Amino acid sequence: MSAGLDIQLRPAQRKILEYTRGWMGISAVPGSGKTWTLSLLAAQIIAQSHLRPDQEVLVVTLVNSAVENFNRRVSTFIQAMGLLPNLGYRVRTLHGLAHDIVRPRPALVGLDENFQIVDERESESILNEAAQSWLRSHPGGLDGFLSSDLDERSRARIDHAELPKLVQDIALAFIRTAKAQQLTPVLLRKRLDSFQVPLPLAEMGCSIYSDYQRALNYRASVDFDDLVRLALQALRTNG
């Protein structure tokens, strides 16, 4: 074990801490100490000089609370090893890492220097507006997906209470999938035009996606899914 630490390790933890390079997968149940063990591994890699001067340990996690937890634990281990804290490693959420990649050179991916990131609430508001606009301009556009024997009262309830939320949910899933596949509204439109069969839900999703993205562009903004998409594009562009 590294100098300054006197820790009793389980056999599985000891095996993880033997890692120096390459791929490694860890399967563990909640509460088994994954964060603790990986924090110790990060500190050990730094302390044992496995890094070149231009390298650092990167920890990517899902939520901000986990970022704080990893930062605190890695820093504690590093200090116990006699090193300066906050050096040699970086902890980010996936979206935080994407922001680190895009922000220094936004022009590389076609963004304004002063681009903004919309939060989930504003993104939802923009999407809701786009979905409502589609419903207003396509009355009866989803009739083919509704039962033909609905009475007038049930139909009114669906149109005013259920359909708007359903359309928004479908559009959200559609947009996220499109962005994960690196498909802009223009590319998606070309894909749809190549099909020889009607795809009404895909057409709806593409239309709402176009309006949603147009609203973001008007604000010189991106959403969290754009950040990941554009970070990948920046890495590919920059070689």
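Our subject is the structure that appears above.
Residues numbered from 1 in each chain as written. Predicted model: local features only at pLDDT ≥ 70, side-chain atom pairs only at ≥ 80, totals over all residues. Heavy atoms only, no water.

### Thoughts on helix H7 (residues 185–193)
Then step 1. Those residues of H7 lying buried are Pro 185, Leu 188 and Leu 192. Within H7, the buried residues cover an arc of 60 degrees as seen down the axis, which keeps them to one side. In H7, the exposed positions that point more than 90 degrees away from the buried face belong to Val 186, Lys 190 and Asp 193.
Then step 2. Each element contacted by the buried residues of H7 is listed here: helix H6 (152–180) and helix H8 (200–218). (Buried < 20%, exposed > 50% of the residue type's maximum accessible area, 1.4 Å probe, protein only. Helix = DSSP H or I, 4+ residues; strand = E, 2+ residues; numbered from the N terminus. Arc of directions from axis to C-beta. Contact = heavy atoms within 4.5 Å.)

### A closer look at the pairing of strand S2 (residues 89–93)
Then step 1. Judged by which residues are buried, S2 turns out to be one-sided: Tyr 89, Val 91 and Thr 93 face inward and are buried, whereas Arg 90 and Arg 92, on the alternate face, are not.
Then step 2. Here strand S1 (residues 57–61) pairs with S2 via 5 bridges, running parallel. Paired with Val 60 across the strands is Arg 92, a residue of S2.
Then step 3. The handedness of the S1 to S2 crossover, carried by helix H3 (residues 64–80), is right-handed. (Pairing = 2+ DSSP bridges. Right-handed = clockwise from strand over helix to strand, strands pointing away.)

In short, geometric facts, not functional conclusions.
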